[in-house]
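Residues per chain are reported as follows:
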Amino acid sequence: MKELQTLVRHLEAHLQDELAAQERTLGLLEAEEHALRGRDPHLVFERTTALERELATGVGRARRREELLARLGALWRVPPATLTLSSIAERAGVEGERIRRLRGELRERVAKVVKLARRVATLARTHQRFFSDVLQSLFATIGAGDVRQNGSLLDAEA
Amino acid sequence: MSNLGLNIGLQGLLSSQSSLDTIGHNITNANTPGYSRQSLEIGTNTAVQVRNLLMGNGVQATIVRRTVDQLLNARLIGQQSGVSRLDARLSVLGEAEGLLGNTSESGLGKAMQSFFTALSNLSATPEDPVLQSGAVQNASQLASVFNQLATNVNVLKDDTIARMQAHVDAVNELAEQISGLNKQISATEASGVTANDLRDRRENVLRELAKLIDVKGIEDARGAVRVLVGGSMLVSPTTFNQMELATSGDGSLEIRMQGQTDSLGITGGAIGGLLQVYQNSLPTISNELDELAKNWILELNRVHTTGVGGSGPFTSLVAANTFSDVDGDGVVTDELLSNSGLPFDVVDGEVVVNVTDLATGAIDKHVLAIDASRATVSDLVNELNSLGHVTATVDGQGRLHVFSEPGYGFDFSARLDTNPDAVGSFGGGQATITSATDGPYALADGDTLQLTGPAGTFTVTFSASQFAQIGAATADELAAVINADPNMQTNGLVATVVGERLVLQTAGSGASESFSVDAGSALGALGWSAATTVVGHDSAVSVTIGGSYTGSANDQYTFVPNMDGVVGTTAGLKVFVYDQSGQQVAALDVGAGYNPGDELDVLNGVTLKLGFGTLSASDFDVFQVDVTADSDTSDLLPALGLNALFTGDDALSIGVRNDLLATPSLFASSQSGAPGDGSNLLEMLEFDAADVAGLGGSSFGATWADLVSSVGLDIDSSRSAYDAEEFLMQSLDARRDQVSGVNVDEELVNMMTAEQAYNAAAQFIRVSAELGDELMRLL
């Protein structure tokens, strides 16, 4: 019983971390969207790098999450892959009440992140296609081919 | 809320689209002259209030801005004006150099040399008709080259005017364009946007304008530019003026605004350059060419007019130049010689007119004093008519005609009178006595001269009424008064004049001829002694003058014996020679040891031969010879073009006298008229290298070379200035390109960078979404 309480507390802490991470991701995505609309490639690079760093922190959290799920599965003698936050909260009974609440908050937060990420990704992809099309058009006009493919230097004024 | 999000995304995309459009516009116009790089400025959209929240509203493109440096552009316009001025100047001067620097067969330098070569050839055999014709043809060829050069310069002047007119038309067209662009820019920018491309176009047109004239552009608050030319408004914000090429009061060209009278004083641009060349350089070339031709005509004619052709003295001459009715009273003969419309100045001086008896060769040399500022054309005609055997008239065109009586000829040469003692006052066969000194003589009213001849004694009485001024009676007056006494003829006596001396002699010759000067109050004035008997001689002394006078000034040599004696016999017998000032300049031994008939050098190229006979110092034997360095010190002959080689007075009008072209034997090769005499040719040949006062002490050849090289130097200095100005303009252009030009590489790199950034962003965001999806599965 004491082990369950310990594992639930650790899971609660992890969910708190995840909530904070999603909040940061949300902020970074908004900043990225702003940079994309500002058309400043350097700012876009900067924001993308920040987002990349944030995403990298998710690897550690995922490992921690898998470890907690493995220990809970062993405790309840079920495969860890079958566990979800709602089944964990239900199995934990009273101890799982906070997990249930955190799950609701996290679900809402992740949904926001996913929604914003899809929109911003679409925006970035659209911008990228604009530039790509123009570049292709210009290269075709001056007969230089796609420098991105062949890596040759271009003297466009020649 | 979802609509707002969509709107934000759309505006973002539109902003990107605008940015791409701007980059594409830049790249497309990378090679468009005068294009200024444009950039899109992005700003945050105004926030939108949704319920109680102030929601961000994305971005929008606020303005497309030209990247320009107005000060740099203004300097470029000014610099363009300077470069174009020098370019236009170089263009015209280059053409001028081309036509002047012609060293081919038809060049002026070559033509001068050919002319002098022809004269040199002719000088060896002056009577050779082929060489005479060659000399005349070369003179004609030279005149044609002068004519062609003058015509070419005039054509170049006309071309320059045509170019200026074309440029003025272009200026007016450009002014209209700027005015139109002003209106378009003002209208466009009134709505709050910047008319970048229109401004670039206007900048280009302004620069085109600066190529033609020096302009100043000032932009007003509404974006319209005022264009000032020489302080006058060419283009205002609402309208424009037109320029015109006009002729000013003094005949010079000027550029002014239509409807105005003041010159704009344009100095820059192609028009400024052309105007400067037209008003300064070309007239200088033209003037120097004319001056060269004028001096050529004058100097060669100075020699030719005083020469004699192979056919000897003239029987008829017509002046090439005409007198004009300067005072406008309908009569030309009342004009003063100094202001009678002749192309060359007539100054105070003398003209020698030799009247030759063609049968005997005897020359009657007359020296006409020319008082140019007092004597009229009529006075000149009268003086010529008074010479005897010569008649002068002025025809209806104002041309002087001179012709001689049959049997006589005339010329204006400096030739010596080879038989200066026609009177026989120097050892002649007649009984002769000459006054001891030159007149005038100080006689008094009632003075007498008592003479005794074969018919008896008689007395000539001198009355004041017979003289202009008896106290200064001239030899001519005295001779006339004495000859008027009938006793003179009765006694076979004649009074005549040698120089300014009175000569009394018998009409007949021989030792039997005699008369005596007995007495009279006039003896003292004449230097005679009372009771002097004069006897003739059976053998008269022949006097022959030869050679050519080489002295530098006109003079008169007086020859007198130092004693009574026989030529070639009497020891110590000499002939003293005095110049006009009375200075003895030679003493010739003609006594014992002198072989009568031998030639004696007198002075300055003049020689003397004396025949056998008796000379008498007691009877004041004397003869005089006029030696002439310049037979026309007044320039009357070249001014009239009488016996001229060249006609005209400038490069365009120079030609060869028509009758010379028809009859080359009229070419005045000689100064004496003697066969083989090419002395006049030699004098003309001196101009091959001689310094000419009218050309500032330079020779014809050197003056021509200077003219050609001065144009070359002008071109060199202009080219140096052009190179410097062009270099500066290129530097300014480079700076403008740095500021306003499009660097296509940079634009493409920017685009590729952006494309990569968006690509990377899209990928990471997609990862972010995938991680979220994975997390959702756990939830």
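What you are looking at is a predicted structure, and each value in this text was computed from that prediction instead of being measured. (Residues numbered from 1 in each chain as written. Chains lettered and ligands numbered in written order. Predicted model: local features only at pLDDT ≥ 70, side-chain atom pairs only at ≥ 80, totals over all residues. Heavy atoms only, no water.)

**Comments concerning the overall build of chain A**
Note the following rule: The numbering of helices and of strands both runs from the N terminus, where a helix is a DSSP run of H or I of at least 4 residues and a strand a run of E of at least 2. The buried label goes to any residue with under 20% of its type's maximum accessible area, the exposed label to any with over 50%, and the partly exposed label to all in between, with areas taken from a 1.4 Å probe on protein chains only. Every residue pair with non-hydrogen atoms within 4.5 Å of one another is taken to be in contact. Residue exposure ignores everything except the shown protein chains as possible cover, and the areas themselves are Shrake-Rupley values with a 1.4 Å probe.
Assigned secondary structure in chain A consists of five helices and zero strands. Burial statistics for chain A: of 158 residues in total, 44% are counted as buried. Counting contacts in chain A only where the partners sit at least 6 residues apart, residues at least 24 apart contribute 62% of the total. Of the accessible surface of chain A, which amounts to about 8500 Å², a share of 52% is contributed by carbon and sulfur atoms.

**Here we look at the domain arrangement of chain B**
Here is the rule: The domain boundaries here were taken from an automatic or database domain assignment.
The domains assigned to chain B are domain 1 (1–67), domain 2 (294–407 + 631–676), domain 3 (430–627) and domain 4 (749–779). Each of domain 3 of chain B and domain 4 of chain B was reduced to a C-alpha centroid, and the two centroids are 140 Å apart.

**What about the nonpolar core?**
Put simply, the rule is: For our purposes a nonpolar core is just a set of buried Ala, Val, Leu, Ile, Met, Phe, Trp, Tyr and Cys residues, chained together by side-chain atoms within 4.5 Å.
Phe146, Leu234, Met243, Trp296, Leu400 and Phe646 of chain B are the most contacted members of the largest nonpolar core, which totals 129 residues. With 19 residues, helix H4 (residues 129–189) of chain B is the single largest residue contributor to this core. Among residues more than four places away in sequence, those in contact with Phe646 of chain B are Phe115, Ala139, Leu142, Trp296, Ile297, Leu300, Asn301, Ile654, Gly655 and Val656 of chain B. The next biggest cluster of nonpolar side chains, apart from the first, holds 31 residues, and it includes Leu51, Ala117, Val120 and Phe131 of chain A.

**Brief notes about the sheet that holds strand E19 (residues 493–498) of chain B**
All names here are of chain B. Note the threshold: Each pair of strands is called paired provided DSSP finds at least two bridges between the two strands. The axes used here are C-alpha line fits, helices contributing only the stretch in contact, and every angle between their N-to-C directions lies in the interval 0 to 180 degrees.
With respect to topology, three strands assemble into an open sheet ordered E16-E20-E19, the strand pairing being antiparallel. The sheet is open, and its two borders are formed by strand E16 (430–434) and E19, each paired with just one other strand. Within the sheet, the average angular offset between the axes of one strand and its neighbour, ignoring direction, is 25 degrees. As judged from the four bridges shared by E16 and strand E20 (residues 501–509), these two strands associate in the antiparallel manner. The residue of E20 that forms the bridge with Gln430 is Ser509.

**A word on the sheet that holds strand E21 (residues 514–519) of chain B**
All names here are of chain B. The four strands lie next to each other as E18-E17-E21-E22, forming an open sheet whose pairing is antiparallel. Edge strands, defined here as strands with exactly one partner in the open sheet, are strand E18 (456–461) and strand E22 (532–535). For this sheet, the mean inter-axis angle between neighbouring strands, taken without regard to orientation, is 25 degrees. Relative to E21, strand E17 (residues 448–453) runs antiparallel, the two sharing three bridges. Across the sheet, residue Thr452 finds its bridge partner in E21, namely Ser516.

**What about the pattern of salt bridges?**
Residue and element names in this part refer to chain A. Applied cut-off: Note on definitions: salt bridges are taken to be side-chain nitrogens of Lys or Arg within 4 Å of carboxyl oxygens of Asp or Glu.
All chains considered together, the criterion is met by 29 salt bridges over all chains. Arg24 is the partner of Glu54 in a salt bridge, and the nearest nitrogen-oxygen pair spans 2.9 Å. Of this pair, Glu54 sits in helix H2 (residues 41–76) while Arg24 is found in helix H1 (residues 2–38), placing the two residues 30 residues apart along the sequence. On the accessibility criterion, Glu54 (9% relative accessible area) is buried. Using a relative accessible area of 41% as the deciding quantity, one classes Arg24 as partly exposed.

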